[in-house]
Amino acid sequence: GMHNSLDVRALQLTTNLNGATITDCTFMRGNVPGSADHAVDIATCQNVNVTRLRAGLTQHHVRSSGYGVQVTNSSGVTFTDTELHGTGAQVTTSTNVTFTDTYYCDHLIGKTTVLVPVYVITVATKAADVLVDGIHFGKSLKYATELIRNGPYSGIMSVTACDRIR
């Protein structure tokens, strides 16, 4: 197992209203299964540009309800060439959020599991003007045979109580 003191978000960006640029980073979380154990958490931020991000949860069996990327109460957040491992991304109560070329891998080792079914992108709770342009599978996989067994269990997108999702 993992010691609880190490069970923290890999990137916590909170109340950044002046903008930010994050490029070529890996933020993985090897967490103790629990809830809301996100690897990257962007909350109450404006004009954040993230390019070539690798984010996710690394446990291979029972996993938490956390996300590789969580965006809440933010606007103008752009992700380009993002890899999500072990879980997807969630956007809530945010506007003008864009995902371009998002790569998903359900498990770094093994195959898709039903233990905690996830979507690649979940958009919920009054999010608006969210654009998802290009979802791909298996960018980091070394063997093509694993690609077919490594998609999300639930589906590609889940949208609930939102406006203008494209």
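Reading the values: rules and limits
Residues numbered from 1 in each chain as written. Predicted model: local features only at pLDDT ≥ 70, side-chain atom pairs only at ≥ 80, totals over all residues. Heavy atoms only, no water. Pairing = 2+ DSSP bridges. Helix = DSSP H or I, 4+ residues; strand = E, 2+ residues; numbered from the N terminus. Core = buried A, V, L, I, M, F, W, Y, C linked by side-chain atoms within 4.5 Å. Buried < 20%, exposed > 50% of the residue type's maximum accessible area, 1.4 Å probe, protein only. Contact = heavy atoms within 4.5 Å. pLDDT = per-residue confidence, 0-100.

Colleague: Is there a simple way to explain the pairing of strand E3 (residues 40-57) in this structure?
Modeller: The side chains of a regular strand alternate between the sheet's two faces. Relative to E3, strand E1 (residues 11-16) runs parallel, the two being bridged by 5 bridges. What sits directly across from Asn16, in E3, is Cys45. Sheet topology note: the strand E2 (residues 20-29)/E3 ladder contains 9 bridges and is parallel. In the strand pairing of E3, Thr21 is matched with Asn49. In this sheet, strand E4 (residues 69-72) lies alongside E3 in parallel orientation, the contact comprising 4 bridges. What sits directly across from Val40, in E4, is Val69. As paired elements, E3 and strand E5 (residues 75-85) share 8 bridges and run parallel to each other. Its bridge partner being in E5, Val50 is matched across the sheet by Phe79.

Colleague: Please explain the nonpolar core as it appears in this structure.
Modeller: General note: in soluble globular proteins, nonpolar side chains tend to be found buried as a group. The biggest cluster of nonpolar side chains holds 30 residues, and the ones touching the most others in it are Ile42, Val48, Val69, Val71, Phe79 and Phe99. Once you skip the residues sitting within four places of it in the chain, Val69 turns out to touch Val40, Leu53, Ala55, Phe79, Leu84, Gly88, Ala89 and Gln90.

Colleague: Hey, could you run me through unusual backbone geometry in this one?
Modeller: Most peptide bonds take the trans form, and the phi angle of most residues other than glycine is negative. Backbone geometry at Thr15 places phi at a positive 50°, although glycine is not the residue there. You can see Thr15 is positioned in strand E1. Positive phi is not limited to glycine here, since Asp101 has a value of about 55°. Relative to the helices and strands, Asp101 is located in strand E7 (residues 95-105). Given a relative accessible area of 31%, Asp101 falls into the partly exposed group.

Colleague: Is there a simple way to explain the confidence of the model for the protein in this structure?
Modeller: Low pLDDT means the predicted coordinates in that region are not meant to be read closely. Counting all residues, the mean pLDDT for the protein is 84, and 75% of those residues have values of 70 or more. For the protein, the element scoring lowest by mean pLDDT is helix H1 (residues 144-147), at 52; E4 scores highest, at 97.

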